Amino acid sequence: MNEEKMDEKEPALRTVRVEIGTDRFQIQTDLTDAELSAIVTYVTKKMQAYVSSDARMDMRKQLLLMAMDITSELFDMKRRHARYKDYYLESQKVAQVLSSMLDDELAKIDPMSDMTKK
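A.B. asks: Looking at this model, I keep getting lost on the overall build of the chain. Mind explaining?
C.D. replies: When you go through the chain residue by residue, the secondary structure sums to four helices and two strands. The helix and strand sequence of the chain, counted from the amino end, reads α-β-β-α-α-α. Counting over 118 residues, the chain shows a buried share of 10%. Counting only contacts in the chain whose residues sit at least 6 apart along the sequence, the fraction spanning at least 24 positions is 11%. Of the accessible surface of the chain, which amounts to about 10700 Å², a share of 57% is contributed by carbon and sulfur atoms.

A.B. asks: Whenever I open this one, the pairing of strand 1 (residues 14-20) confuses me. Can you help?
C.D. replies: On a regular strand, one side chain projects to one face of the sheet and the next to the other, so that they alternate. Both strand 1 and strand 2 (residues 23-29) contribute to a ladder of seven bridges, which runs antiparallel. Its bridge partner lying in strand 2, R14 is registered against T29. The hairpin turn running from strand 1 into strand 2, its antiparallel successor, is two residues long, and G21 in that turn takes a positive phi close to 65 degrees.

Definitions and cut-offs
- Residues numbered from 1 in each chain as written.
- Predicted model: local features only at pLDDT ≥ 70, side-chain atom pairs only at ≥ 80, totals over all residues.
- Heavy atoms only, no water.
- Helix = DSSP H or I, 4+ residues; strand = E, 2+ residues; numbered from the N terminus.
- Buried < 20%, exposed > 50% of the residue type's maximum accessible area, 1.4 Å probe, protein only.
- Contact = heavy atoms within 4.5 Å.
- Areas by Shrake-Rupley, 256 points an atom, 1.4 Å probe, with all protein chains shown as cover.
- Pairing = 2+ DSSP bridges.

What follows is the structure, encoded as structure tokens:
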């Protein structure tokens, strides 16, 4: 396991009340107030977009559609994250090659600099 991860203390859980729409919930979280507020705002906006009392679908189906939309966004973000990680790793390989090439060319220009490295 990474030593850095082991040294980090996990934030303690705390009990908070959140309001989404007309419902209030008491939850335990380790999120900051700002993070929790962003999540509540996000879910509230999704509910406003998907849930309507005068819709032809029952509430359960509306909530399922909302959950599917949020899950689809999550999966899309995971796919993009994996792709960006691959791009990053590839860029690091290219940077190493370029750095090595630059070192080689600099050594040709100034042979003394190569000796000072040893």
